[in-house]
Each structure stands twice: as structure tokens, then as C-alpha cells.
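Listed below are the residues making up each chain.
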Amino acid sequence: MSLIDYKKMLEEWGLQENPFDFTPPDEFEQVAAIFHGRKQELESALISLYEGGNVLIRGTWGIGKTALIKTLLYQLQKEVAELKEEMLVLYLDEIPNASTANFYRTLLLALTQQMSRQSADAKKVADSLTGMAIQNNKTKTEGGVNLLALSLKFTNEPNSSEIREADIYQQLLFWLKEAEGIYGKLVIAIDDLDKKETPIVQEIVENSLSLFRQGKNRAFLLTGRGFTDLQNATLSSLGIFSEDLNLRRMSNDDLRQIVINYLNTVRKEPINSITPFTPEVLDRIIEYAQGTPRQLNSICKKVLHQAARQKYPLIDMAAWQNIWPVIQEDFIQKLSPHLQRLLYIAYKQKGISEDISNESLDEIGALTFTELLPELRELESMDLIMRIEDARGFRFIPSKLYLPPAENNPSAGSIN
Amino acid sequence: MSGNLLRGETVNPTELMAILDKTEKLLKDDLTGLEFEQELLIEIILICGKQKQDSPNQWAKKQYNLANIYSRRIKGDPSENAKKSTKYYLAALQVYTADEFLDEWAFIQIQLARLSISQLRNYRIAIEHLQAAYEKLSANNSNIDLLAQTMFELARCFHQTGALGYSKIYFKDSIRLFQKLDKPLQVAAVTSALGNLELQMGYLDDARIHLQTALEFYQNAGNADRIKSIQELQQYLPEFSKEQIA
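Residues numbered from 1 in each chain as written. Chains lettered and ligands numbered in written order. Predicted model: local features only at pLDDT ≥ 70, side-chain atom pairs only at ≥ 80, totals over all residues. Heavy atoms only, no water.

### Some words on the overall build of chain B
Spelled out, the test is: Helix and strand labels come from DSSP, where a helix needs a run of H or I of at least four residues and a strand needs a run of E of at least two; each type is numbered from the N terminus. Burial status follows relative accessibility: with a 1.4 Å probe on protein chains alone, a residue under 20% of its type maximum counts as buried, one over 50% as exposed, and anything between as partly exposed. In short, Shrake-Rupley with a 1.4 Å probe defines the accessible areas, and a residue's cover is counted only from the protein chains shown.
The number of helices and strands found in chain B is 13 helices and 0 strands. Of the regular secondary structure in chain B, the N- to C-terminal order runs α-α-α-α-α-α-α-α-α-α-α-α-α. Within chain B, the fraction of its 246 residues that count as buried is 49%. When the accessible surface of chain B is summed, it comes to about 12,400 Å², and 50% of that surface belongs to carbon and sulfur atoms.

### Considering the overall build of chain A
Here is the rule we go by: We compute the radius of gyration over the C-alpha atoms and compare it with the globule rule, which gives 2.2 Å times the number of residues raised to the power 0.38. His is not counted, nor are the chain ends, whereas Lys and Arg count as positive and Asp and Glu as negative. To locate a charge, the coordinates of NZ of Lys, CZ of Arg, CG of Asp or CD of Glu are taken.
Within chain A, the regular secondary structure consists of 17 helices and 9 strands. Computed over the C-alpha atoms, the radius of gyration of chain A is 23 Å, within 12% of the 22 Å expected from 2.2 N^0.38 for a compact globule of 416 residues. Each principal axis of the C-alpha atoms in chain A carries an extent, and together these give about 70 × 55 × 40 Å. Scored against the burial criterion, the 416 residues of chain A give a buried share of 53%. Of the accessible surface of chain A, which amounts to about 18,500 Å², a share of 48% is contributed by carbon and sulfur atoms. Where the 45 positive side-chain charges of chain A centre and where its 57 negative ones centre are 2 Å apart.

### A look at the environment of A:Thr292
All names here are of chain A. Note the following rule: We call two residues in contact whenever any of their non-hydrogen atoms come within 4.5 Å of each other.
If you trace the backbone, Thr292 turns up in the loop between helix H12 (279-289) and helix H13 (293-309). Taking the C-alpha atoms as reference, Thr292 lies 32 Å from Ala81; in sequence the two are 211 residues apart. In this structure, Thr292 is in contact with Trp61, Gly62, Ile63, Arg249, Leu255 and Met386, ignoring residues within four places of it in sequence.

### Some thoughts on the packing of aromatic side chains
The criterion, for reference: We call Phe, Tyr and Trp rings a pair once their centres come within 6.5 Å, taking the six-membered ring for Trp, and we label the pair stacked below 30 degrees between planes, edge-to-face above 60, and tilted otherwise.
Summed over all chains, the structure comprises 23 aromatic pairs over all chains. Look at A:Phe20 and A:Tyr262: their rings are 5.3 Å apart centre to centre, the planes differ by 35°, and that puts the pair in the tilted class. In this pair, A:Phe20 sits in the loop between helix H1 (3-12) and helix H2 (28-34) while A:Tyr262 sits in helix H11 (residues 252-264), placing the two residues 242 residues apart along the sequence. By the burial criterion, A:Phe20 is buried, and A:Tyr262 matches it. Ring centres of B:Phe217 and B:Tyr218 lie 5.4 Å apart, and the angle between their planes is 80°; this geometry places the pair in the edge-to-face category.

### Here we look at the side chain of A:Ser208
Residue and element names in this part refer to chain A. Where we set the bar: What qualifies as a polar contact is a pair of N or O atoms within 3.5 Å, subject to a donor-acceptor requirement within protein and to the restriction that residues adjacent in sequence count only when both atoms come from side chains.
With respect to the helices and strands, Ser208 occurs in the loop between helix H8 (200-207) and helix H9 (209-213). A distance of 2.7 Å separates a polar atom in the side chain of Ser208 from a polar atom in the side chain of Tyr104. Once residues within four sequence positions are removed from consideration, Ser208 is found in contact with Tyr104 and Tyr169.

### Examining the pattern of salt bridges
All names here are of chain A. The test is simple: Salt bridges are defined as contacts in which a side-chain nitrogen from Lys or Arg sits within 4 Å of a carboxyl oxygen from Asp or Glu.
Taken as a whole, this structure holds 25 salt bridges over all chains when the rule is applied. Between Arg294 and Asp383 there is a salt bridge; the shortest N-O distance is 2.8 Å. Linking Arg294 in helix H13 with Asp383 in the loop between helix H17 (369-381) and strand E8 (385-390), this pair joins segments that are 89 residues apart in sequence. Of the two residues, Arg294 and Asp383, both sit in the buried class. Across the pair Lys302 and Asp330 runs a salt bridge, and its minimum N-O distance is 4.0 Å. One end of the pair, Lys302, is in helix H13; the other, Asp330, is in helix H14 (residues 317-333), with 28 residues separating them in the sequence. Accessibility expressed as a relative area gives 16% for Lys302, which makes it buried.

### Topic: the interface of chain A and chain B
A common way to report how large an interface is uses the accessible area buried once the components associate. Going by this rule: Summed over both partners, the accessible surface that disappears when two parts come together, traced with a 1.4 Å probe, is what is meant by buried area.
Between chain A and chain B, the residue contacts involve 25 residues of the former and 27 residues of the latter. Contact between chain A and chain B buries roughly 2,100 Å² in total, counting both sides, with carbon and sulfur atoms accounting for 52%. It is A:Glu354, A:Leu367 and A:Thr370 in chain A that bury the most area against chain B; as a group they hold 30% of the surface buried on that side. If you look at where chain A meets chain B, you find 4 salt bridges. Residue B:Lys168 is joined to A:Glu354 by a salt bridge in which the shortest nitrogen-to-oxygen separation is 2.6 Å. In this assembly, chain A and chain B are joined by 8 residue pairs in polar contact (both at pLDDT 80 or more).

### Section: the confidence of the model for chain A
Residue and element names in this part refer to chain A. What counts here: The quantity called pLDDT is the predictor's confidence in a given residue, expressed from 0 to 100.
Chain-level statistics for chain A give a pLDDT mean of 87 and a share of 90% at 70 or above. When the elements of chain A are averaged for pLDDT, helix H10 (residues 229-238) gives the smallest value, 62, and H11 the largest, 97. A low-confidence stretch, residues 408-416 (pLDDT under 50), is modelled with 11 contacts involving residues beyond four sequence positions or located in other chains.

### A look at the sheet that holds strand E7 (residues 241-246) of chain A
All names here are of chain A. Heads up, the rule is: Think of it this way: DSSP has to see at least two bridges between two strands before they count as a pair. Only the contacting stretch of a helix is used when fitting its axis, a line to C-alpha atoms as for every element, and angles between N-to-C directions run 0 to 180 degrees.
Taken together, the 7 strands give an open sheet; going across it, the order is E3-E4-E2-E5-E6-E1-E7, and neighbouring strands pair in mixed fashion. The open sheet terminates on both sides in strands that have one partner only, identified here as strand E3 (132-142) and E7. Within this sheet the neighbouring strands show an average axis-to-axis angle of 15°, counted without direction. Looking at chain direction, strand E1 (residues 54-58) and strand E6 (residues 218-224) are connected through 4 bridges and run parallel. In the strand pairing of E6, Val55 is matched with Leu221. This element, helix H4 (residues 65-82), spans E1, strand E2 (87-92), E3, strand E4 (145-154), strand E5 (185-190) and E6 of the sheet and lies at about 165° to E2. Of the strands in this sheet, E1, E6 and E7 are in contact with H8, which crosses E6 at around 155°.

### Quick notes on H4(A)
All names here are of chain A. Quick note on the threshold: The span one expects for a helix is its residue count, reduced by one, times 1.5 Å.
End to end, H4 covers 26 Å across 18 residues, agreeing with the expected 26 Å (1.5 Å per residue, within 8%). Here H4 lies mainly inside the structure; 13 of its 18 residues are buried. One or two steps after H4, the chain reaches Lys84, where phi turns positive at roughly 60°.

### Some words on H14(A)
All names here are of chain A. Rules: What we call the bend at a residue is the angle made by axes fitted to the seven residues finishing there and the seven residues starting there.
Its 17 residues place the ends of H14 24 Å apart at the C-alpha level, agreeing with the 24 Å of an ideal helix rising 1.5 Å per residue. Roughly 25° is the biggest bend found in H14, and it falls at Ile323, with proline Pro325 one to four residues downstream. Turning to H14, its buried residues are Ala319, Trp320, Ile323, Trp324, Ile327, Gln328, Phe331 and Ile332. Tucked into the core, H14 has its buried residues touching H12, H13 and helix H15 (337-348).

### What to know about the pairing of E2(A)
All names here are of chain A. With 6 of 6 residues buried, E2 is to be regarded as a mostly interior element. Of the two faces of E2, the one holding Met87, Val89 and Tyr91 and the one holding Leu88, Leu90 and Leu92 are both buried throughout. For E2 and E4, the ladder comprises 6 bridges, and the chain directions are parallel. Its bridge partner lying in E4, Leu88 is registered against Asn146. By the bridge criterion, 6 bridges tie E2 to E5 in an arrangement that is parallel. The partner of Leu90 across the bridge, within E5, is Ile188.

### A closer look at unusual backbone geometry
Residues and elements named next belong to chain A. Cis geometry is adopted by the peptide bond preceding Pro276, which originates at Thr275 and carries an omega value of 15°. In this fold, Pro276 is placed in the loop between H11 and H12. The backbone of Arg38 sits at a positive phi, close to 50°, despite the residue not being glycine. By the secondary structure assignment, Arg38 is in the loop between H2 and helix H3 (39-50). Judged by relative accessible area, Arg38 falls into the buried class, the value being 9%. Although it is not a glycine, Lys350 sits at a positive phi angle of roughly 55°.

Now the structure itself:
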């Protein structure tokens, strides 16, 4: 199929392009336009941040933490601007090599770089922090509120500084206070803080009590994944977070509305319609997404793409029956034999957890469950596996995108 | 030969070198309670050890052996011994790189982690050492014993720092590895630590099983101290009455 035919098909559906993507759009405004649901979480976090209260947003991979943060910051900017007040909102998409030391360095660099225009001393500090650089820097100003989205990466420069490592924390406290003086209010949001799965959020919080407790006009917004009850109790007892939002799976109605919102971003006029999906197909997609926006997006993107290629005027159940196996096959073929085997064992055992049997580990060719974690995370990032958290810990189960080898197929499970 | 030394007699350099080789085996054994032997070994190593420029490997071995003895030294101020141990381990690392001497390097990481905890109560540094060791050892899988020890120490650090979910995973994996190595003593030690953690986390059924398994091992081994400490934990299990323990 040529690109022209593909585009023509999308146009027949009234779409300028395939709107679905694996991650939320970069632009805060676009995310806010698509976002739906979690009204209560948004309201409580908004007020808390405005009043200088720290917010913790937690939830599993793909549950919509980034979308919630971006929507929240977009609304915060708009509403504070309407109040004709001033504020600096810093959004960091991640902390490179997340550790407590890098957390301080990253914040200090982001802050002093932003303040370089107002203060020569701030510029001096920013220039002295080598080994890390700001790669993307987008500023949006509305009234007296600057919303700055930063992406920091490590560079090849040696990680050195004129400031002693031990003094960086004190410097950070100093420049945060200065920033409050310049900007009035300050909100710092850090996304994907626990990407590496270490208990980094807890470590940072416990080592940085004055950072989070001082300053009436500054607030932090952090993300985290699962916490045990005891960790929750520890975090609560520190009294650092005025809002601790644990994101649950989204309802089917919310997911349906998100699909409509996505479609409307590429329609000439917004309409309340799920076209080109039929209600039956969308119900099936929503069922397969299991309350996870990321899975929803991933499936919609693939289905729309395949349906356009196969020129279905409408994505109904007949089309679905043909499209879905192709999508599943496509996912599997991209995997290494080792990952295919891991996925198959996860399917056979109805999930993999720390209690995996030694026989299963032998089949996968691993010594420990810990050894499997990076691969399970890789499969999770490909939407082929979902992490289910419960009171006992977490369990990785194959998503509906996984097509297991047919039971009557003699090669089932003997993937080399 | 060591008898000559103990009696203060002269020993020729060849004999000393032979003693030094033998010390390696002794160093791997538990020297606790052998104060005199520890002091003797320190003397021997200091006399026999090579200069760095003459033989970097022999020099590193000297630092490594001294560090190992000082980490368990009975005589002297414990804090000073720990400092010396750390100093010698760090010196050994100048030669013992992860690529060329994985076992020695990984063992030093474990020891530095233990010293960070015992001397500085610094779990963050300890976790850094252990994670570095874990990454190298798990990529290689050539020394399961060291991998098991590393995971056990990591589990204990995570337990202490409140990262209980991770602690549980690492305890369970280290049990697997010690079972594979057929080391029942270590399996019992980790199982008991896991039971303690599960009790703290509220997984009472799991805690009951693990504590009971460890208890039975120690009862067979006749280890009164361990039996007592496990029975103390078992009292926190709701339906575990004092009669049952008795």
C-alpha cells in the first residue's frame, strides 16, 4: 500500500493522521485536550501545589502518570495566570541515572540555568555543573506563569563541579529560596523518578527532609510506582506529601472518552463519535486494555494502522477477526527467542512473580527472578506484559497482545 | 614451620613463602576466636608480602589478605581495625579490577558494604557496592556462591532501609542460590531472615512457614541461640501460643 492510499483511507474515516501513540504528546496543551477522568485527583493536587504542598503520584507502568502530571501543570499554569499571580513551573521528564546525588545536581542545574538571566551568580553555578546538559528546553508563558519543560542528559564531560558534592544540597536549598524570591511561587515536577526500579523515591525523600519541608511557596510533584504498606506508613509519618495519589485502573467509560478525545485531535471538527471503530470492537479493545491507558493507545494505534492498510471502511468485528492475529504475530516476531521463551513461560504459568519455580527458571535459562526483571521491564515497555500489583507484591502477566503458540502446534513452547 | 615462628626461631624466606601460601586457606576459614593466629598471620604477611613495583599481583594479594584479617581481627580497637581493613581493601582494588579478578573484586565489594554498615551505618554506600557486585556477578554467573552472598546482603540492606518489597525478592533469590549450592546453613539463615521480614510485612502465613523451616533446621543442628531468636519471633504470630512453642 502506498502512503497516498494509506492517507486516503484515514481521510475516509475523517482523520488527518493516526492520532494514537505509545506515549502522551510532548505538548502539555495537547495532553490536556486528550485527558479524561481522574477529576478528584486533579482537583486535590492542583490546590495542594498552589498552596506549596508536595504531591506524590504513584501507579503502575502505563497507568497514566505522565498524562496526569502534564494535564495538572497545564491547568495550574492557566488558573494561576487567571488569578494574575506569578509562578515558575519546572517539569523534568526524568532524572538521568536516578540517585539522590543526581537528583540534587539535576535540580540545581535546571534551576540555576533558568535563573541565569536574572542572576550572574546563578549562571556561574549552572556553568560549573558539568557532566550533564539540558537537551530540550520548552517554555510556555501565560500571564505571570512560566511553564518550563526540561530534558536533561548526561554528557561525555567528566562529572565535575567547582561546588563540592557535599555542598550541592546546601546550594540547592539556597537557590530554591532565591527562586521563590524571584518567581513568587515555585512548582517542580519530576516524572519517571523510579524508572530504574530502585526504591529511589523513598531514599530521596528520607535524605532530603529540609528540601521538601522548607519554603512555603514551593512545592514538589514526584512520581513513584508501588509502595508497600510499611513504606506508605513511613512516607506518611514524615509528613512531606500533602497529597498522595495512588492511580487506579481507569473505567471503561473513561477509556472510551479518551479514544474519542484522541480521534478529535485529528478531526477537522470534534464530534462525539468512535468512528471508524464499531462499538463492539471498541469494547473489545477496552477489555484488552485492562484499565491501562498505555495499552489502550498501543492497541488502537496498531488496529487503526492495520485496518487502514487492509482498507476496511469500518473496523467491525469481521475486520477485527482478521486484523488482531496479524498484530499479535507482528509483536512476537520482533522478539528475541529468549524473550519469546520468557513470555511463553509467563503465559503458561499465568504470570511470573518472585515465587517462580526453579523449573521455570531453568526453562528460561535464568538463575534468579531478579535476573529476569530487566527483560520483564523490556516486555512491559513493549506492552506485551502487564504488571499487576497486589498486596503480595507484583506479578507480570502477558497482555492480550501476546499470541501464544497454538496448543496443537508441536513446536509450542519449544522456541529456540 | 609456623611452630618455628611461634617459638621465635629463625625461618628462612622459602619457608616463609610456604607459610604465606598456607595462610590463604586459613584466611578463608573462620578465624574467630583465634586471636594469636590472627596476629601471627598479620606478621607473616607483612614480612613476606611483595612491593607493588616488584609484583603487583602479589602485592594486591598481600593487601587483600591483610584486609580480610583486619575485618575479623579480635585484638585492638574495632573501629581502627575496620579502618585498616577498608584501607587495605581499597589498595587491593588498584590491582583487583572487576574484569581481571572478578571473584576478588566482588568479594571486596561485599566486604566494603559490610564495613560501610558496621562503621558508618551507611546503607546507601553499602547498596552501591553490592549492586555493583551484583551486576558483574549476574552478568557472568561464574561464581554462584558470591552471587548468593551479594543478594543476601542486598536483601538485608533493603530490609533495613525499608525497601521491603525488594528485600523479599532478594531473600528469595538468595535462598534459591544457596539451595543450588547445597549450603543448608546459609539456606536456614536466609529463610529465618525472610520469615522475620514477612512477619514485619504482615504476610503471616509465609512467615509461619519460613520461621518453622528455619527452626527445624536449627533444632536438628542444636543451635540454641538461633532456636531462641526464632521462637521469640514466632510469638508474634497470632495463633502461635506459648504452649505450641514449648
